[in-house]
Amino acid sequence: MEDIGIVAGRDPIAVDKACIDLVIGRLGYYPFEKAHFGITWHHQLEHAEKISLGKTSYKLEKVACFGR
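Residues numbered from 1 in each chain as written. Predicted model: local features only at pLDDT ≥ 70, side-chain atom pairs only at ≥ 80, totals over all residues. Heavy atoms only, no water.

Undergrad: Go over the overall build of the protein chain with me, naming the residues and quoting the values.
TA: Looking only at helices and strands, the protein chain has two helices and zero strands in total. Across its three principal directions, the C-alpha atoms of the protein chain cover 40 × 30 × 15 Å. Counting the 68 residues in the protein chain, one finds 18% classified as buried. The long-range fraction of contacts in the protein chain, counting pairs at least 24 apart against all pairs at least 6 apart in sequence, stands at 55%. Separation between the mean location of the 9 positive side-chain charges and that of the 9 negative ones in the protein chain comes to 4 Å. (Helix = DSSP H or I, 4+ residues; strand = E, 2+ residues; numbered from the N terminus. Buried < 20%, exposed > 50% of the residue type's maximum accessible area, 1.4 Å probe, protein only. Contact = heavy atoms within 4.5 Å. Lys, Arg positive; Asp, Glu negative; His and termini not counted. Charge placed at Lys NZ, Arg CZ, Asp CG, Glu CD.)

Undergrad: So what's going on with a nonpolar patch on the surface? Residues and values would help.
TA: Residues Met1, Leu27 and Tyr29 make up a contiguous nonpolar surface patch of roughly 300 Å² in combined accessible area. Inspection of the secondary structure assignment puts Tyr29 in the loop between helix 1 (12-27) and helix 2 (41-50). What makes Tyr29 partly exposed here is its relative accessible area of 44%. (Patch = residues over 30% accessible without salt bridge, like charges linked within 9 Å, V, L, I, M, F, W, Y side chains within 5 Å. Areas by Shrake-Rupley, 256 points an atom, 1.4 Å probe, with all protein chains shown as cover. Salt bridge = Lys/Arg side-chain N within 4 Å of Asp/Glu carboxyl O.)

Undergrad: Describe the packing of aromatic side chains, and please don't skip the residues or the numbers.
TA: If you walk through the whole model with that rule in mind, you get two aromatic pairs. Both rings, one in Tyr30 and one in Phe32, keep their centres 5.4 Å apart while their planes meet at 70°; by these two values the pair is edge-to-face. Ring centres 6.4 Å apart and planes at 55° place the aromatic pair Tyr30 and Trp41 in the tilted group. Of the two residues, Tyr30 sits in the loop between helix 1 and helix 2 while Trp41 sits in helix 2, which places them eleven residues apart along the sequence. For Trp41, a relative accessible area of 10% translates into the label buried. (Phe/Tyr/Trp six-rings, centres within 6.5 Å; stacked < 30°, edge-to-face > 60°.)

Undergrad: Can you lay out the nonpolar core for me, pointing to particular residues and giving the numbers?
TA: Formed by Ile13, Ile20, Trp41, Leu45 and Ala48, the largest nonpolar core amounts to five residues. Listing elements by their share of this core, those giving two or more residues are helix 1 and helix 2. Among the elements that make up this core, the one with the highest residue count is helix 2 (three residues). The contacts of Ala48, once residues within four sequence positions are left out, are Ile13, Leu53 and Gly54. (Core = buried A, V, L, I, M, F, W, Y, C linked by side-chain atoms within 4.5 Å.)

Geometric descriptors of this kind do not, in isolation, establish any biological role.
Here's what the structure looks like:
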């Protein structure tokens, strides 16, 4: 997949969810399903949120990039 930018934040669960959403949004499908059949990211992130490792909610903000 082509470069879609950098995602950064203080909450690792929110960062993971944002990355997944960006990839799915760009491609229109979840590309890792073929490599990891039957293993979904939904359960992993839901469990991480349940045990208070972070939240799956996030807000994307664009930051100016020099040279582009």
